[in-house]
Amino acid sequence: MSFWQRIKPDFWEHHDVAAGLHSHLFNLRRIWLLSIVLIASAAIIPVFFLTVIDYRVTRNAIESENINRTIRLVSNTRRTVSFFITERQYALQFLARDNSLEKIGNQERLDTILENLKDSFGRFTDLEAIDTRGNQIAYSGPYNLEATNYRDQNWFKEVLVHGDYISDIFMGSRMNPHMVIAVTHPENNGNGYILRATVEASQFHEELLQIESGSEEELLITNHEGILQTPSKRFGSIFGEIALEIPKYSESTRVLEATGPDGEALFLGYAYLENTPFILMAARDKSSLMQSWYQARDQIVTYLIGSIAVILIVVLVVATYLVSKIHTADQNRVAALHKVEYINKMASIGRLSAGVAHEINNPLAIINEKTGLMKDLLLQMEESPIRNRIETLADAILQSVNRCSRITRRLLNFARHSEAAFNLIDIGEVIDNVTGFLNKEAEYRDIQIDIDIAPDIPLIKSDRGKLEQIFLNLMNNAFAALEDGGYLNIKARKLSGERLRVLVIDDGCGIPPEDLPRVFEPFFSTRTQQGGTGLGLSITRNLVEEIGGTIDVESQPGEGTRFSITLPFNPDIAKNETDTSAPG
Amino acid sequence: MSTKVLLVDDEKDFLEVLGERMKIRGMDVSTAATATEALSLTEDQSFDAIVLDLMMPEMDGLEVLQNIKAKNPELQVILLTGHGSIEKGVEAMRLGAMDFVEKPADLESLTEKIKKAQARKMILVERKAEEEVRNIIISKGW
């Protein structure tokens, strides 16, 4: 038996044995399917929409949180970097204002200033004073750069125009990334000069490294042309060109989505540092930042699939259960209708046969008496061959009358079914009555009937009509299963505990094992084509239960079938016993 | 003294034939085709046994039985019926019938039952007579 066969509900293969008058009200498979689809969609659609909304809300929330975090990171870093630069710029401005041209031209003084700057601010490499024509006035520092003229250089022109200047970071001849900050001494009487300091730029990289919080984010600085001003793990070494489109100028911090050199998706936060040629950038790996989002997404999807599965299972189970109930109720309804119809039919047959038997009985009595009188009169006649002949004929008539009266008596017994009442009954007599009914067919089909009633069986309290019906049904069944020339054995035995067992054993075709558990179900019939309703055994079982008994069946295909009925001697006592034993 | 029997049945043919057969067997047979006839006969005469059909058109056998028993309780009634129903039989016995014979009846068994009925009636009558004698003895006090 396949798995499907085992879980298949009863109604699935349901088909009408009684199409027509008592046809079933429902198309059960359609009801089942419809209820599943309706309930499931009513439950799943809201869940689905909620999940979609939740999905979008969560994604947006996580995305905007990441953007905000990037903005915060860039803003904070910008403040730090700007502070670093402006701090030094203002220090130089202060020095330029504080020292006149003469003072600054003094080598000793310049050395002291540089020394102080290094001590208090750090990172200053050298300090140089230049007059407005571009000639070096004094130099303090480790490199021998004395007597250089800067007049034609761009930065010099710029510092004269703007009053200050901050250079890109460059390597220059110092073999160390550095930047130049220059300020003017604002005197117009020809005593003005320019103070130019070189600042080590490795400081930026260190500061940025300190701020970076994880491997997935990187802070870096480029100039406006996209040349890297700090070394970058992602975008290459210092002074290389960054593999990104330079984002356009904005006063505030911005975040945009970009693609990294390896094609990875990035959140790129950037800010233009004011009054410097630098752009501060924060590249954050989108995939790792969205990790929490992926987790949330997986949870949402799992939740959705889980709830849909649970809903489907519940809907499936509930729908199957309910439709099975409908099926059972419907089956019971049809069975009840059939039973009522059957009982009505039997009652009509009963009334009809009672009427017929009665009408026939009176003329039979007259024939009986008249023939008897004939015999009486004959006795008064002298002995003669004719008298003997007539006497034999009269005896033959009396015999036929006797036969007729047996038939009418049986008909009357059969008709008494509806009057249900418990009486003391001889089970052997009941069985004889019923077999008498079938004798003709048995003779005609050459079926041998053996009846074996144990002599120690007492009279039992039971319903004669029901017993007759039970045995009639079982014997009819056996006759249907028997071949011509078959053998039917009926045995009655006393059991312990005030019970008796009647066995109806035939050697007919038997019942296949797979059908065996269902033979007592209503509408189960293998003879539907030959006019069986599938109700005979079901009614038989009902009748047996009504008189307090049980019925069982054993069968071997090809060898025969054995129905065994167990009856209590007194159903009232038996019932009371089972009632009182139940609560214990 | 021959046995005095009353046959009551609505089927005249049956009634006559059965009566004749019983007469042949030496019984004194009266017949009644209706219930009223039977009731009037029982008022006029005494019978050893009454054979009564249970199913009659104007009055049911059970009713006739009740009437007869009400007037003359020592009358012995044998019910005769085509309806072999035990329930009716039980009812009839309860109402005081002596026995119950199914139609078509075997005359031999019917005769036997009539004899029994006669015997029973004799006992009853004797007992009654005895009682009367005793009553007389007690009341007169010779």
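Here the structure is a predicted model, which means the values were calculated and not measured.

Draft legend 1. Fine view of the overall build of chain B. Check the secondary structure of chain B and you find five helices and five strands. Starting at the N terminus and ending at the C terminus, chain B contains elements arranged as β-α-β-α-β-α-β-α-β-α. Taking all 142 residues of chain B together, the buried fraction comes to 38%.

Draft legend 2. Region of interest: the sheet that holds strand 5 (residues 99-102) of chain B. Residue and element names in this part refer to chain B. The strand order 2-1-3-4-5 describes an open sheet built from five strands, whose pairing is parallel. Where the open sheet ends on each side, the last strands, each with one partner, are strand 2 (28-32) and strand 5. Taking the axes of each pair of neighbouring strands and ignoring which way they run, one obtains an average angle of 20° across the sheet. Here strand 4 (residues 77-81) pairs with strand 5 via four bridges, running parallel. Residue pairing across strands places I78 opposite D99, the latter belonging to strand 5.

Draft legend 3. Broad picture of unusual backbone geometry. Residue and element names in this part refer to chain A. One non-glycine residue, N275, lies in the positive phi region at around 60°. For N275, the position within the fold is in the loop between strand 8 (265-272) and strand 9 (278-285). Residues other than glycine seldom take positive phi values, yet D446 does so here, at roughly 60°. Take D446: there are 10 C-beta atoms within 10 Å of it, and that puts it in the exposed class.

Draft legend 4. Just the nonpolar core, in detail. Formed by 56 residues in total, the largest nonpolar core has its most connected members in I181, A182, L195, L280 and M281 of chain A. Look past the residues within four positions of M281 of chain A in its chain and what remains in contact with it is L220, T222, L268 and Y270 of chain A. The next biggest cluster of nonpolar side chains, apart from the first, holds 38 residues, and it includes L7, V8, F14 and L54 of chain B.

Draft legend 5. Expanded view of the sheet that holds strand 9 of chain A. Residues and elements named next belong to chain A. In spatial order, the strands read 6-9-8-7; together these four strands make up an open sheet with antiparallel pairing. Lying at the two open borders of the sheet, with one neighbouring strand each, are strand 6 (217-223) and strand 7 (254-259). Sheet twist, expressed as the average angle between the axes of neighbouring strands with direction ignored, equals 30°. As paired strands, strand 8 and strand 9 are joined by seven bridges and run antiparallel to one another. If you follow A271 over to strand 9, its bridge partner there is L280. Where helix 2 (residues 28-98) meets the sheet, its contacts fall on strand 6, strand 7, strand 8 and strand 9, and the angle it forms with strand 8 comes to roughly 35°.

Draft legend 6. Broad picture of helix 11 (residues 464-481) of chain A. Taking 1.5 Å per residue as the helical rise, helix 11 of chain A with its 18 residues ought to reach 26 Å, and the 26 Å between its terminal C-alpha atoms agrees with that figure. Listing the buried residues of helix 11 of chain A in full gives R464, G465, K466, L467, E468, I470, F471, N473, L474, M475, N477 and A478 of chain A.

Draft legend 7. The arrangement of the environment of T77 of chain A in detail. Residues and elements named next belong to chain A. Inspection of the secondary structure puts T77 in helix 2. Since 24 C-beta atoms lie within 10 Å of it, T77 is described here as buried. Residues T77 and A271 lie 194 residues apart in sequence; the distance between their C-alpha atoms is 9.6 Å. With residues near it in sequence (within four places) discarded, T77 still touches L208, I211, L219, L280 and A282.

Draft legend 8. Examining helix 4 (residues 107-120) of chain A more closely. All names here are of chain A. Across its 14 residues, helix 4 extends 20 Å between first and last C-alpha, which sits within 8% of the 20 Å expected from 1.5 Å per residue. Within the sequence span of helix 4, burial applies to L110, I113, L114 and L117. For helix 4, the arc enclosing every buried residue in end-on projection is 95°, short of the 170-degree limit, so these residues lie on one face. Exposed and oriented more than 90 degrees from the buried face of helix 4 are E108, T112, D119 and S120. Elements that come into contact with the buried residues of helix 4 comprise helix 2, helix 3 (101-105), strand 1 (124-131) and strand 2 (136-140). At the exit of helix 4 stands G122, carrying a positive phi of roughly 80°.

Draft legend 9. Molecular detail of the packing of helix 2 (residues 35-44) of chain B against helix 3 (residues 61-71) of chain B. All names here are of chain B. Here helix 2 crosses helix 3 at 15°, and the two axes come no closer than 11 Å. What the angle tells us is that helix 2 and helix 3 run roughly parallel. Judged by the sense of rotation from one axis to the other, the crossing of helix 2 with helix 3 is right-handed. Across the interface between the two elements, A35, A38, L39 and T42 from helix 2 touch V64, N67, I68 and K71 from helix 3. Class assignment for the residues of the contact of helix 2 with helix 3 results in five nonpolar, two polar and one charged.

Draft legend 10. Region of interest: the packing of helix 8 (residues 291-380) of chain A against helix 1 (residues 12-24) of chain B. Interaxial distance between helix 8 of chain A and helix 1 of chain B falls to 9 Å at its minimum, and their mutual angle equals 30°. When the interaxial angle is binned, helix 8 of chain A and helix 1 of chain B end up roughly parallel. For the element pair helix 8 of chain A and helix 1 of chain B, the recorded crossing hand is left-handed. Across from A365, I366, E369, K370, G372, L373 and D376 of chain A in helix 8 of chain A, the residues of helix 1 of chain B making contact are D13, F14, V17, L18, E20, R21 and I24 of chain B.

Calculation notes
- Residues numbered from 1 in each chain as written.
- Chains lettered and ligands numbered in written order.
- Predicted model: local features only at pLDDT ≥ 70, side-chain atom pairs only at ≥ 80, totals over all residues.
- Helix = DSSP H or I, 4+ residues; strand = E, 2+ residues; numbered from the N terminus.
- Buried ≥ 20, exposed ≤ 12 C-beta atoms within 10 Å, placed from the backbone.
- Pairing = 2+ DSSP bridges.
- Axes fitted to C-alpha atoms, helices over the stretch in contact; angles between N-to-C directions.
- Core = buried A, V, L, I, M, F, W, Y, C linked by C-beta atoms within 7 Å.
- Contact = placed C-beta atoms within 7 Å.
- Expected span 1.5 Å × (residues − 1).
- Arc of directions from axis to C-beta.
- Parallel < 35°, antiparallel > 145°, perpendicular 65-115°, else oblique.
- Left-handed = near helix turned anticlockwise from the far one by under 90°.
- Nonpolar A, V, L, I, M, F, W, Y, C, P; charged D, E, K, R; others polar.

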